[in-house]
Every structure is written in structure tokens, then in C-alpha cells.
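Overview (structure and organization)
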2 protein chains.
Amino acid sequence: MRAVGLIAEYNPFHNGHLHHLQAAKRLSRADAVVVVMSGNFTQRGEPAVIDKWTRTRMALLNGADLVVELPLVFVVQPADRFANGALTILHDLQISDLVFGAEHPEWDFAALVAAEKQFQQAAFQNYDQTYATQFNQQLEAVTGHSLRDPNDILAFTYYKKVIHEKWPLHLHAIQRRGSDYHDLHINGHIASASAIREALVKGNDALVKQAVPATTWSLLKDLQQVPAMDQLFMILRNHLIQAPASQLAKTYSMAEGLENRLKQAASRSLDFKSLMHQAKTKRYTYAHLLRLFLYLCLEATQDQVDWTIKHPYIRLLGFNQRGQAYLHQVKKDLSLPLITKVDQTLHNGLLDLDYRAGKLYQNFTNDEQDLKRAPIMELSSKDR
Amino acid sequence: MRAVGLIAEYNPFHNGHLHHLQAAKRLSRADAVVVVMSGNFTQRGEPAVIDKWTRTRMALLNGADLVVELPLVFVVQPADRFANGALTILHDLQISDLVFGAEHPEWDFAALVAAEKQFQQAAFQNYDQTYATQFNQQLEAVTGHSLRDPNDILAFTYYKKVIHEKWPLHLHAIQRRGSDYHDLHINGHIASASAIREALVKGNDALVKQAVPATTWSLLKDLQQVPAMDQLFMILRNHLIQAPASQLAKTYSMAEGLENRLKQAASRSLDFKSLMHQAKTKRYTYAHLLRLFLYLCLEATQDQVDWTIKHPYIRLLGFNQRGQAYLHQVKKDLSLPLITKVDQTLHNGLLDLDYRAGKLYQNFTNDEQDLKRAPIMELSSKDR
């Protein structure tokens, strides 16, 4: 059996994801679809609209054969680190192909990666400009292209990693369909996940319903409240106020001195919006702060996260018969630990941060997220 | 001018407090009444029903002339430490008399204190019994009395401290009036503070109204929600789950190994009641845990609290003209720092924990509790 890999958040699984999944099967002609998916928190550092088990079910009901969880320390990261973490896990699962969306799938990404060798390091000494800006100036000078769109950046990251590691992996960039990620309006049957989340928050059921498969809708329709970071504000504010600055400084991804700014902002804020407003600067962007806020809620230190990044694992969330057969085939050659069930030892060790994230997510849903949860077996997978 | 001192929580100020205050004036014939009062959290480790400023106003409107705050580190303690802390502050304010309730005001408390010298230390080696039990066995053997009632225990504590320090302070034990502290029913015009709080929670306005002075009622009647520890559950549970056991172990008053028990209880609890139920044992009582839970919410370490206990201060909450005159008279001889307004330096130093407690209390009320708050000047104090 051969497998094609997908990297996803499925927050929630929508028609665009379905198209992507079907294109992946078509392009790769693989026997099985392996998905590595964010858990209960997403790349932006926010809680997913619905928990990882339900999102796994959505994926299995729509063509995925095997779903594994991307550990939180790879998820809650800038996109390139997210991509590298996910790729590492998929590679260990011995996928033969990776299919991903890009704004410019026609570009020769391998050539863009090669162009980096011609960059002049001296040109990176301009501290008035971000690294990304200077990188793009160089890239444009050499190739005529520049990486400005989020999925193009990810595509570049995949190519770079695969070329660097010399992995025998076929990369397929496909056109990203439908609305732009930032488009908050739903037009027709394709809408961005963020547009769907926005509609969920507003209770626009009709809009959600037409943008997601029926199976997704049946799992979403009873959602009482859409989880959001501002519901954790009490926890976040209190930790910023009560913990000494010296301890806050040890939080993962805390920039030097930022702890004092956040401490003051927390003292003066009575809601999430105000805290964010007071903390944000050109240097500390919304995206960076949002991820940092999650690490603060988790009281996660630089040391803990660094250690966890160095100890990846494959956490099984769900599979159907085809996925089970594929897993059986590759199991013996895995170099990473395969985790199917979380016990006391695991949640105090390897899975500590994911376990704690699950406990944090329990503020939105009462369901235990890890202990005693068995992977979902979707035995009624539809025939292809 | 001479002043009589009172130690109180006024949570809230009720008719029993009014009687006590009037008896204090009568007995001591003092010119001014000085009250040292808990701040926003009480001896039990719970949030007060209404903030310290409103409770100060209640006291000033009912005969108190000067109100100072007992720092949190003295408040959230077993009763004897609370009493000692309060007495230290009142003594520095040069009160000539202290009036307090006792279940047995007719006892010769000075004699009970003296009896301690005849105790046999060897008898305290029985580890099957609590210190309090063994103490009472000894006391009964020597004097025929034993300290079983909470206010008798406090009375003993006052005498012991005053005798030990040789302070020239007149102590007056008076009969505690009306309902027992634990009595949750309101009969007539005297009711315990806990009975009144219970009535407040249940919205039994008529019962509250008849048990408190009209001025208290006018300040209580618009209370939207009675603050309670279970409203801080999200904060408490998260810190217990996310902080490493080694860090939790440093929390003030954390018994050895209890951090692991609490960590496990927090992981398994989705509400305050369940957490308390799982944590409680014969050894870790409800009262002890409740105070510890507050210190956990404050992320207060043993070192921080110990330091603060060693650095007491007099925090002015309010006064009338008589109180102002009295303060003017004793001001130059104070040995403790007198704090009238909290600025940046203070809230990072001496007042750090009280400031943080005020920020925690903001979860119940949006009002800033310390920064830029001036003492209440009640210039319309009623004539006596």
C-alpha cells in the first residue's frame, strides 16, 4: 500500500477540504490517505471550534483513512515550523506523496529553494526590515518571484525540508480553491474555515450548512458555544498578574522584557480585547501574542517546549479499515513512538503538554480529552 | 484622645456589630473607635460579600472613627494568627483598650494564660491527637476550663499576646450576643454574618434587612452577585494542572506532598465542590484547604508570604473627623509605615500581595481596589 499525506486543521472540515482530499487521491493514486491534524488548539493559538475527536470523525467520514495528532508544540507555531513538524511525522509514516494547496502551484518551488544559495548574507544586516521582507527582496532579485501568500510560503517550506532531508517524497502543489483565507463571506459551497467559524459564532446555520459536508454539519449543529480565547481571559490575566515577572520571562516564546509590558497590560485590562490592544505593537504582532497567550495559560516554559519539540511522537486519533491496514504495514519501521492510548506515564512524560492542553480545553467542553480515550475506529468508511 | 480598638471582618456590618461597637465605647469610655478590618478576602480565605471600601463605609456610618486594613497575610490564617496580626497593628495605633466578644467572658483569661507554665511538655508527644486537643487536656487538668469555642480561643490569644508583650492595654471580653456563628437562621434583629451571607445568596432581602443597620442595607441592596470562591474555580484548577508539582509545593501553607493530591484532584474535577471533596481528608480540613486555594490563586509562595508577615504596615481605609484627629495625634509615634495611597513602588513592594488580591477580587467587581484609591473621608459622622 502507498499513502498520500495531508496536513490539516479541519477547523471545521469543509467542502474545500473535501475537494483537496479528493484531489490528493486522484493526483497521487495512493491507496490510503494519512492526515496529520492539529489537536484541540490550532496554529493561531486558539481553541478549535470543536474537539479533536469530533474533527477526526469528520475527516474519517469524508475520505481520510488514518488521522494522527500533530503535537501542540508543533501546532502553535509560525506556519513554517508547523509545516516542518507535520512533515516529520508524515515522513515517519512513510507517505509517498504530499498534496498541498498553494496560491501559485505553477511555480517551480524546487528552483526557489535552490535560489537561496545565491543570496547575499550581507543583505540581511538591515535591521529596519523584517527577515521576511529581506528574504523576499533577495528571492525576487534572483528568481523574479516573491513569497507573499501564506500557502506559497508553506509550499516553499515543504520543498526546502524534503530537498534538505533528501526524502523520496513526491510533492504536489494544487490550486487553492474558493475564497481567500481572510475572506469572511461565504459564497456558494466553498468558504474558508475562518468564514465558517465566523458564521458559527453568529449562528448563521444556513451559511455553515452549505459550506460543509452533511457529515460535518451533523456533528456541528448541536454546538452550544464556539470556544474562543477570550473565554480563557480570567486564567490568562490572573497568571500575568500573580506570577513574578522573572517566572513569566521563562514562558515559551516570551520576548525579552515583554513580560513587564504584559503584566502592566493585564493589570489594566478587564477583558481580552483590551489586554490585546494594550500589549500589541509593531514588534509584538497579534498572531505572536495569541500563541504566547496560549503558552501562558499552559504555564509552559521554554525548557518544557524545547524538550517536547525534540521528542516527537505519533498520536493516533482515528482510522478506518484501510488506515488500519496501512498502519499495520508501516508500524514496524516507525522511528517515532506510536501512541494509541494515554496512561499516567505518558501524560506525565512525552504527552505532558498535549494532556495539559486537553485539560485547558475542558473549560469549553466537559469531556476528558486524553486519558482513557481510544482512537476512533470508523469501520463504515465509504467505498471509493 | 484615647482610642478603643476592634478587630473585625464586617462581612457585612450587621446589628450584632453595632451592639459590639456601642458596648466598646461604653466600656472603654474612649474618645475614638479604631477598627482593623479584613480587606477583600476574609479569614476563611473567601472573597468578602462586598469590597473593603464599601465595608469601611458601613463601619464609619455606624460609629467607627478610623478603619485600617489588616494585610491579607494576617487575615487568611488560622484565627490565632489573625488575632495576633490585628493586635500588632492596633497596638501600634496606641489603642488603650480592646473590646472583643467571647463565649465565656466571665473566665479569668489571664489565669488561663498563666496556667500554660504548668503544662507538661511530655504530654504533647501524642501524635494521634491534634495539638489543640492535647492543649485543652492540659488546660482542663490545671484550670478546669477548656477552650472549645472560637471566640474564647481568640480571647485567650489576645491575653497571651498582651501579657507576653507587656503592653499597657485594657482587655474587655464581652458576651457574644445573639446567634451562634454557625447558626444559619436569622431570628429577630441579631443574626450571624454567615446567616446574613446565606440570606444574601438566596435573595432573602427581608431577612437581611432586619439583621443589618439601614446604612448597611442601602449599600448591599444593589449587589448583583455575591462573590464566592467557586467563581475562581477556573483559575484555581488551571494553576493546579499547569504548574509543575515542584512549583506548587512552594505555595504558602502547602503541606508536604499535598501538591500531588491537589494536582490529581484538579485533573478529575470540573467544579469547585468536586475538587474540595477529592482533596479533603481528616488531615487537610476544609478550612485549611480554602485558605490554601486562595494562596494558589494568588500564586503566593512561602517566601513571599513570610517576607510580608515580617513587614507589617498600617493601610488607611477611611476615617471621620474624630478618626482624623486621633490619627494626627498618634502619627508621629507609629513604628509601622502608614500607607494612605498605593503607588507603583508600594504595589511592587510592601503591598504586593494585597494589590494582587485586589486584582483577583476584580473578577467579582470591575472596580480597581488599590491604585489611585484614596481613603474614605466620612465627614458626616453622626454625633454621639
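Analysis parameters
- Residues numbered from 1 in each chain as written.
- Chains lettered and ligands numbered in written order.
- Predicted model: local features only at pLDDT ≥ 70, side-chain atom pairs only at ≥ 80, totals over all residues.
- Heavy atoms only, no water.
- Helix = DSSP H or I, 4+ residues; strand = E, 2+ residues; numbered from the N terminus.
- Buried < 20%, exposed > 50% of the residue type's maximum accessible area, 1.4 Å probe, protein only.
- Polar contact = N/O pair within 3.5 Å; in protein donor to acceptor, adjacent residues only side chain to side chain.
- Contact = heavy atoms within 4.5 Å.
- Phe/Tyr/Trp six-rings, centres within 6.5 Å; stacked < 30°, edge-to-face > 60°.
- Pairing = 2+ DSSP bridges.
- Right-handed = clockwise from strand over helix to strand, strands pointing away.
- Buried area = accessible area lost by both parts, 1.4 Å probe.
- Salt bridge = Lys/Arg side-chain N within 4 Å of Asp/Glu carboxyl O.
- Nonpolar A, V, L, I, M, F, W, Y, C, P; charged D, E, K, R; others polar.
- Least-squares fit on C-alpha atoms with pLDDT ≥ 70 in both.

Considering the side chain of Lys52 of chain B
Residues and elements named next belong to chain B.
- Mapped onto the fold, Lys52 is located in helix α2 (residues 52-60).
- Lys52 sits in the buried class, given a relative accessible area of 1%.
- Among the polar contacts made by the side chain of Lys52, one reaches the side chain of Asp370 at a distance of 2.8 Å.
- For Lys52, the residues in contact, after removing those within four places along its chain, are Met37, Gly39, Asn40, Glu69, Arg315, Leu317, Gln369 and Asp370.

Considering the packing of aromatic side chains
- Evaluated as defined, the whole model comprises 22 aromatic pairs over all chains.
- Centre to centre, the rings of Tyr10 of chain B and Phe13 of chain B are 4.6 Å apart; their planes meet at 65 degrees, and the pair counts as edge-to-face.
- Taking relative accessible area as the criterion, Tyr10 of chain B reaches 2% and is therefore assigned buried.
- Judged by relative accessible area, Phe13 of chain B falls into the buried class, the value being 0%.
- Measuring from centroid to centroid gives 5.7 Å for Phe109 of chain B and Tyr159 of chain B, while their planes differ by 20 degrees, and the two rings are stacked. You can see Phe109 of chain B sitting in helix α5 (residues 109-115) and its partner Tyr159 of chain B sitting in helix α7 (residues 150-165), a full 50 residues away along the chain.
- Residue classification places Phe109 of chain B among the buried positions, given a relative accessible area of 1%.
- Using a relative accessible area of 16% as the deciding quantity, one classes Tyr159 of chain B as buried.
- Among the aromatic residues, those joined into a cluster by ring pairs are Phe100, Trp107, Phe109, Tyr158 and Tyr159 of chain A.

As for the pairing of strand β6 (residues 314-319) of chain B
Residue and element names in this part refer to chain B.
- Most of β6 is tucked away: 6 of the 6 residues are buried.
- With 4 bridges joining them, strand β3 (residues 66-70) and β6 adopt antiparallel strand pairing. By the bridge assignment, Glu69 is partnered in β6 with Arg315.
- Pairing analysis gives 2 bridges linking β6 to strand β7 (residues 338-339), with the strands arranged parallel. Following the sheet pairing, Ile314 is matched in β7 by Leu338.
- Handedness of the crossover joining β6 and β7 through helix α17 (residues 321-330) is recorded here as right-handed.
- In the sheet, β6 pairs with strand β8 (residues 376-377) via 2 bridges, with the strands oriented parallel. Within β8, the residue paired with Gly318 across the bridge is Ile376.

Concerning the interface of chain A and chain B
- Each partner contributes to the interface: chain A provides 25 residues, whereas chain B provides 25 residues.
- With both sides pooled, the region where chain A packs onto chain B buries about 2300 Å², and carbon together with sulfur makes up 45% of that total.
- On the chain A side of the contact with chain B, Met234, Gln242 and Glu299 of chain A bury the most area, a combined 29% of that side's loss.
- On inspection of chain A and its partner chain B, the count reaches 0 salt bridges.
- In this structure, the connection of chain A to chain B is made through 14 residue pairs in polar contact (both at pLDDT 80 or more).
- Counting residues per element, the ones that place at least two in the side of chain A that touches chain B are α11 (233-242), α13 (258-267) and α19 (352-361) of chain A.
- In terms of residue count, α11 of chain A provides more of the side of chain A that touches chain B than any other element does, 7 residues in total.
- Residue composition of the side of chain A that touches chain B, by class: 10 nonpolar, 11 polar and 4 charged.

Points about the relation of the copies chain A and chain B
- Expressed as a screw operation, the relation of chain A to chain B combines 0.0 Å of axial shift with a rotation of 180 degrees, fitting to an RMSD of 0.0 Å. Such a combination of turn and shift is consistent with a two-fold rotation axis. Looking at the rotation axis and the C-alpha trace of chain A, the residue lying nearest is Ile235 of chain A, at 2.6 Å.
- A shared interface surface links the copies, since 100% of the contact residues of chain A are contact residues in chain B too.

Here we look at the side chain of Ser269 of chain A
Residue and element names in this part refer to chain A.
- With respect to the helices, strands and loops of the structure, Ser269 is situated in the loop between α13 and α14 (272-279).
- Accessibility expressed as a relative area gives 0% for Ser269, which makes it buried.
- Only 3.2 Å separates the side chain of Ser269 from the side chain of Gln278, close enough to count as a polar contact.
- Those residues in contact with Ser269, other than ones at most four positions away along the chain, are Phe233, Arg237, Ser274, Leu275 and Gln278.

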